[in-house]
Amino acid sequence: MANPFDLLARHELVVVTGKGGVGKTVVAAALGAGLAARGRRAVVLEVDPRESLHQVFGASPSGGAIVEVGERLAFQNLRPRQVLDDLVRARLPLGILARRTLRSPIYEHVAEGAPGLKELAVLLHARELGAARGVVVLDAPATGHALSLLAAPGLVSEVVEKGPFGALAAELAAWIADPERCALVAVTAAEEMPAQETLELLAALRRELGRDADLLVVNGLYPPLPPPPGAARVPALWRERRGLNERELERLAAAWRGPRAELPLLPRERGPDLLAELVARLGSDLAEGGG
Amino acid sequence: MTLDLAADAPRLLVLVGAGGVGKTTLAAALAAASAARGRDTLVMTFDPSLRLKDALGVGEEARERAVEVPLAAPGVLAASLLDARRTFDGLVARYAPDAAARDRILGNRFYRHLAGHLGGILEYMAVERLFEAAADERWRRLVLDTPPARQALDFLAAPARIVGFLDSGALRLALRPWFDERGRLRPARRLGPLGRRAERTLDELVGLDLLRDMAEFFAAFAPLFAGFRRRALEVQALLRSPRTLFLLVAAPGEERAADTLFFARQLVGEGYRLGPILVNRVHPRQPAPADAPAALAEGLRLCHWLGERDHRGLAHLRALLGAERPPLPVPLLAREPTSLRELAALGETLAASRHST
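Residues numbered from 1 in each chain as written. Chains lettered and ligands numbered in written order. Predicted model: local features only at pLDDT ≥ 70, side-chain atom pairs only at ≥ 80, totals over all residues. Heavy atoms only, no water.

A. Spatial organisation of the overall build of chain B. Within chain B one finds 13 helices and eight strands. Residues counted as buried form 54% of the 357 residues belonging to chain B. A separation of at least 24 residues holds for 77% of the contacts in chain B among residues at least 6 apart in sequence. On chain B, roughly 15200 Å² of surface is accessible, and the fraction owed to carbon and sulfur atoms is 52%. (Helix = DSSP H or I, 4+ residues; strand = E, 2+ residues; numbered from the N terminus. Buried < 20%, exposed > 50% of the residue type's maximum accessible area, 1.4 Å probe, protein only. Contact = heavy atoms within 4.5 Å. Areas by Shrake-Rupley, 256 points an atom, 1.4 Å probe, with all protein chains shown as cover.)

Laid out in structure tokens, this is it:
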């Protein structure tokens, strides 16, 4: 049975999604670091106005720049609006036209409100970065927003049918849809609401993108309960939470037959130590289906 | 500073906070405690989990209207689920001046694309539903859960942004050189050579069809715009009213404490009333393991570490917030509340809490 890094050996883009609070960012960082350790060049992209990825690497915030954190590993924080503005600047032939466009209140409204534009810009950036620097691991926004991100190219190409933007949107839509080139990783906790939301996400992916996720990562598991007589000394919290974890793991395994990685809750602050431990744990074999 | 759910005020409680902190569960629990104190209460949630829906006993009908929850309490507890997609169409249907105008909008290709995917539409629809619920005298208390957001205050910015986007005046002005009042393309000869070249460029860039659909949409939407704008302004007034209280829900992690402070300051700075900051799911402190066999020690170490981590985070937040605004810790329950009884019990814990010293 393969491990996640074998599974992701040839993809150009790895989109990591999950509900807020399940450890998606740390898992994305671990996937990037693990791939880099095994010889691929990797960049981990964070799309969040509040930077937190840098903490996992023990580095300073990116502020939009690409930060090298290892021989083959780097990370970058993206602000979608900034990326869109840069795209407009690059594509509008005349500097003066670009400046006037970017300053107009109409552009402001359209950039913020119009569906798909910012997401398109992020995906285009990911593709161009990947071509230059290896695999891109995208720490996507939390669940609902991630679906918008992935659906954006298709949406835009439906509305803007012609011209360079229409063509671009269609190209990106094909890229995202190709399971050989773009992998989807869903991260969840073995708790009721995240597990439920994850199963709904997986169903939505199938329905709206005609695709399945490639890997499910269940994060934050409490350790298995010790056998008696130790069992008597287990605090209620541990006992209840582990029980919940086991029930939700069962539910997830029943509904999702694909590859599944399980990660423990570790007594480590976010940082390089936690990252190293997670990379090591991810390197072990995956569970599959009901197993 | 405590929250007195038995009193008349606040009439509206708004729960804000980042995704994954437990807002929806707390909203339901607070609403149960409010009903237990004799006030007919409506809780408005976004996409609660299956179990929460089961616990509240609400099904798909709660997307259409408020559904009573079978809580044995002196006051009524009702719940409604917010469904953005459905709501926008409903609004257009309700406020369009006539059937022809309504059909023109609903059938417009640009509208159909927009209604499902416009940035901030979920938040804006919550605002519209809130407006309706607040006008209903029946509810002595409203508890509004807000959509999970990366930025805790996305919810407040969204309506203004949507109204700005829909401001058909500005957009129509921009589209006017090419399209007349009814959204019909002006004859090319009237544009002059410069206009014709611009027209070709635009056609190449995005297609004139799209621009025509946009022009038609904004022309058809104009009569509704005034209503949208008025309601957005009224909800703004409601949100700033002295009878509205915001509750910021945060996780205990130390690394988020600065963000929590930032949001708290932003809320207060923009004129919203902020109640106790609820620090949710705080792990209990456990002694460090001494003398335990390996399998047990690992788990005990973890439990100890979690308790210490949360305790440190809470202390850090308390230091940042100062004596004026002490955070209210909400202990992590061994079991997630999945029944009405458990939600009501959590509600009682919240109602009885005093701020931590």
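B. Structural context of the pairing of strand β6 (residues 244-250) of chain B. All names here are of chain B. Summarising burial for β6: seven of the seven residues are buried, a large majority. Burial along β6 is two-sided: Thr-244, Phe-246, Leu-248 and Ala-250 facing one way and Leu-245, Leu-247 and Val-249 facing the other are all buried. Alignment of strand β1 (residues 12-16) against β6, held across five bridges, turns out to be parallel. Looking across to β6, one finds that Leu-12 is bridged to Thr-244. Bridge analysis of β6 against strand β7 (residues 278-282) gives two bridges, and the strand direction is parallel. (Pairing = 2+ DSSP bridges.)

C. Representation of the sheet that holds strand β8 (residues 328-331) of chain B within the structure. Residues and elements named next belong to chain B. What the eight strands build is an open sheet, ordered β3-β4-β2-β5-β1-β6-β7-β8; its pairing is mixed. A single partner strand is all that each edge strand has here, and the edge strands are β3 (67-68) and β8. Across the sheet, helix α12 (residues 294-321) lies against β7 and β8, angled at about 170° from β7, the strand it touches most. (Axes fitted to C-alpha atoms, helices over the stretch in contact; angles between N-to-C directions.)

D. Representation of unusual backbone geometry in the model. Residues and elements named next belong to chain B. The omega torsion across Ala-9 and Pro-10 is 0°, close enough to zero to call that bond cis. Within the secondary structure layout, Pro-10 lies in the segment before β1. In this structure, Arg-281 is a non-glycine residue whose phi angle is positive, near 60°. For Arg-281, the position within the fold is in strand β7. Note on Arg-281: relative accessible area 26%, which makes it partly exposed. Although it is not a glycine, Asp-291 adopts a positive phi angle of roughly 70°. Among the structural elements, Asp-291 can be located in the loop between β7 and α12. In this structure Asp-291 comes out as exposed when scored by relative accessible area, which is 79%.

E. Main features of the pattern of salt bridges. Enumeration according to the criterion identifies 27 salt bridges over all chains in this entry. Here A:Arg133 makes a salt bridge to A:Glu68, at a shortest N to O gap of 2.9 Å. Placement of A:Arg133 in helix α7 (residues 117-133) and of A:Glu68 in strand β3 (residues 66-68) is noted, with a sequence separation of 65 residues between them. Note that B:Arg335 is salt-bridged to B:Glu342, the shortest N-O span being 3.2 Å. Classification of B:Glu342 by relative accessible area gives buried; the value is 17%. Each member of the salt-bridge network shares a partner with another, and the members are A:Arg50, B:Arg256 and B:Asp259. (Salt bridge = Lys/Arg side-chain N within 4 Å of Asp/Glu carboxyl O.)

F. Representation of empty space enclosed by the protein in the model. Residues and elements named next belong to chain B. Across all of its chains, the model carries three cavities of 30 Å³ or more by this definition. Roughly 120 Å³ of volume is contained in the largest cavity. Surrounding the largest cavity, 14 residues form its lining, Asn-280, Arg-281, Leu-333, Pro-337 and Leu-346 being those nearest its centre. Counting residues per element, the ones that place at least two in the lining of the largest cavity are α1 (23-36), β7 and β8. (1 Å grid on protein atoms, 1.4 Å probe; cavity = no way out; pocket = protein on both sides within 12 Å on 5 of 7 lines; lining within 4 Å. Points joined across faces, edges and corners; volume = space filled by probe spheres on them.)

G. Highlighting the environment of B:Leu245. Considering the arrangement of structural elements, one finds B:Leu245 in strand β6. As for B:Leu245 and B:Arg273, which are separated by 28 residues in sequence, their C-alpha atoms are 5.2 Å apart.

H. Representation of the environment of B:Val235. All names here are of chain B. Looking at where Val-235 falls in the secondary structure, it is placed in helix α10 (residues 208-240). Relative accessible area serves as the criterion here: at 2%, Val-235 is assigned to the buried category. Considering only alpha carbons, one finds Val-235 and Leu-130, 105 residues apart in sequence, at a separation of 7.8 Å. When neighbours within four sequence positions are excluded, Val-235 is seen to be in contact with Val-127, Leu-130 and Phe-131.

I. Molecular detail of the packing of aromatic side chains. Per the stated rule, a full pass over the model turns up three aromatic pairs over all chains. The interplanar angle of 15° and the centroid separation of 5.3 Å between the aromatic rings of A:Phe57 and A:Phe75 together place this pair among those described as stacked. One end of the pair, A:Phe57, is in helix α3 (residues 53-57); the other, A:Phe75, is in strand β4 (residues 73-78), with 18 residues separating them in the sequence. This pair shows no difference in class: A:Phe57 is buried, exactly as A:Phe75 is. Above the face of the B:Tyr272 ring, B:Arg240 is positioned so that its terminal group lies 4.6 Å from the ring centre. (Phe/Tyr/Trp six-rings, centres within 6.5 Å; stacked < 30°, edge-to-face > 60°. Lys NZ or Arg CZ within 6 Å of the ring centre and 35° of its normal.)

J. View of helix α13 (residues 340-352) of chain B. The end-to-end C-alpha separation of α13(B) is 18 Å, in line with the 18 Å expected for 13 residues at 1.5 Å each. When α13(B) is considered as a whole, its buried residues turn out to be B:Leu340, B:Glu342, B:Leu343, B:Leu346, B:Gly347, B:Leu350 and B:Ala351. (Expected span 1.5 Å × (residues − 1).)

K. View of the side chain of A:Asn219. Residue and element names in this part refer to chain A. Among the structural elements, Asn-219 can be located in strand β7 (residues 215-221). Polar contacts involving the side chain of Asn-219 include one to the main-chain carbonyl oxygen of Val-22, which spans 3.0 Å. Other than its neighbours up to four places away in sequence, Asn-219 contacts Val-22, Gly-23, Val-27, Val-187, Thr-188, Ala-189, Ala-190, Leu-263 and Pro-264. (Polar contact = N/O pair within 3.5 Å; in protein donor to acceptor, adjacent residues only side chain to side chain.)

L. Region of the structure containing the pairing of strand β4 (residues 77-81) of chain B. Residue and element names in this part refer to chain B. β4 sits mainly inside the fold: five of its five residues count as buried. As paired strands, strand β2 (residues 41-45) and β4 are joined by five bridges and run parallel to one another. Along β4, the bridge assignment pairs Val-43 with Ala-79.

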